[in-house]
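Reading the structure
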Amino acid sequence: MLKWSKDKKDEQPTDWPKYAEHLEHCVDDVRRVASDVHRGLVQNVLVSKKNKKYPEYVLSTILKESVDKPNTDDRLFVCVTREASKTLLTLSTYHRDHENRVERQIVEPLNRLTEETCVNITKGRRNLQKCLTDVRNARGQLQKTMQCIQTNTNSSYPGSCNPSVTIDAVNRISQAQHQLEEKKSELESSKEQLLRDLYSFAAEEENYSRLILKYFELQENYLSDSLQLVQKVISDISQTIRLQKCLTTFGRHLPDHLAETKRSIAYVLDVCINYLNQESIMQEEIHERRIFFPIISHQVLQL
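Residues numbered from 1 in each chain as written. Predicted model: local features only at pLDDT ≥ 70, side-chain atom pairs only at ≥ 80, totals over all residues. Heavy atoms only, no water.

Going by an unreviewed UniProt entry, the protein chain carries the name Rho GTPase-activating protein 17 and comes from Schistosoma haematobium.

Encoded structure:
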């Protein structure tokens, strides 16, 4: 904020509004906060600026390389992993698009606010301070010139009026007055420009505030799209597991087991019965062989 000494109050802009003085404080605060927000977004939201690759993309690549290896059996787990890889790749695309929107719609306007708008106001304040100093110096030079001429006139020509001295004095005073008027004009122009910048800033402050709101709106859209995709893949993977999972034969209630296997008799009982039948047939064959082989052997010996 411009600081003028109280003992030179007459050199201040007499019509400088109090609201403009208040805005100067606001510009400093807004520039500081906007700079912090800009830095925070760049460091913590624009991940690709630092890592180049998104975590979703890296994980998707790892999964894809694993399931695409030669001689990989197309098992249920492999199918689910392949589907997860595709989803992660899409999520990385959503992430990239979200960052691009944040950078274009929020980070860049914040950068313009801190590096252009606020900087221009700061330059305007410095220029106004310089113009005030120039006016003060020009006024001091005029007073010094008038005092010097008066002193020289009284000491050189007391009680008389020399025409050449009078003309020279008038020219010097006129030149000093002209310079003072120029500096006052520059001061007025500088003051008007700074006021325009300050009031323009005040008019745009609502738009600057909406940048924060815009960030959350973009975040909402990004998270909403990601959530819909995740919900869809959860449904798809669940259906894939239901369609391709192996039938459960143990640890289930008999009615559930029969309904799932579409059998009238439990699979375990069926296997056991078949095994017992096979064992019974084998036992009969062994018994018959034990009776038949000795008879054949005896007949062969008799021959």
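Right, picking up where we left off after that structure.
**Structural notes on the overall build of the protein chain**
Scanning the protein chain from terminus to terminus reveals seven helices and zero strands. Listed by position from the N terminus, the elements making up the protein chain come as α-α-α-α-α-α-α. Sorting the 303 residues of the protein chain into buried and exposed places 26% on the buried side. Taking the contacts inside the protein chain whose residues are at least 6 apart along the sequence as the reference set, 79% of them involve residues at least 24 apart. Surface summary for the protein chain: the accessible area is close to 21,300 Å², and the carbon and sulfur share equals 54%. (Helix = DSSP H or I, 4+ residues; strand = E, 2+ residues; numbered from the N terminus. Buried < 20%, exposed > 50% of the residue type's maximum accessible area, 1.4 Å probe, protein only. Contact = heavy atoms within 4.5 Å. Areas by Shrake-Rupley, 256 points an atom, 1.4 Å probe, with all protein chains shown as cover.)

**Brief notes about a nonpolar patch on the surface**
Residues Tyr57, Val58, Leu59, Ile62 and Leu89 make up a contiguous nonpolar surface patch of roughly 420 Å² in combined accessible area. Looking at which element gives the most residues to the nonpolar patch, the answer is helix α3 (residues 55–67), with four residues. Within the secondary structure layout, Leu59 lies in helix α3. Judged by its relative accessible area of 40%, Leu59 is partly exposed. (Patch = residues over 30% accessible without salt bridge, like charges linked within 9 Å, V, L, I, M, F, W, Y side chains within 5 Å. Salt bridge = Lys/Arg side-chain N within 4 Å of Asp/Glu carboxyl O.)

**A closer look at the UniProt feature "coiled-coil region" (unreviewed entry) in the protein chain**
Using the residue numbers shown here, the UniProt feature "coiled-coil region" (unreviewed entry) corresponds to residues 170–197. With 100% helix and 0% strand, the stretch residues 170–197 has end C-alpha atoms that lie 40 Å from each other. (UniProt positions renumbered as here; feature names shortened; annotations may be inferred.)

**Quick look at the pattern of salt bridges**
The tally for this structure, following the rule as stated, stands at eight salt bridges. Two residues, Arg96 and Asp97, come together in a salt bridge whose shortest N-O distance is 3.5 Å. Note on Asp97: relative accessible area 26%, which makes it partly exposed. Taking the shortest distance from any N to any O, the salt bridge between Lys130 and Asp134 comes out at 3.0 Å. Here Asp134 and Lys130 lie together in helix α4 (residues 76–156), a separation of four residues that amounts to about one turn. Its relative accessible area of 48% is what places Lys130 among the partly exposed residues.

**Digging into the side chain of Ser60**
Summarising the element assignment, Ser60 is placed in helix α3. Judged by relative accessible area, which is 4%, Ser60 ranks as buried. Among the polar contacts listed, one links the side chain of Ser60 to the backbone oxygen of Ser85, at a separation of 2.7 Å. Contact partners of Ser60, with chain neighbours within four places excluded, come to Ser85, Leu88 and Leu89. (Polar contact = N/O pair within 3.5 Å; in protein donor to acceptor, adjacent residues only side chain to side chain.)

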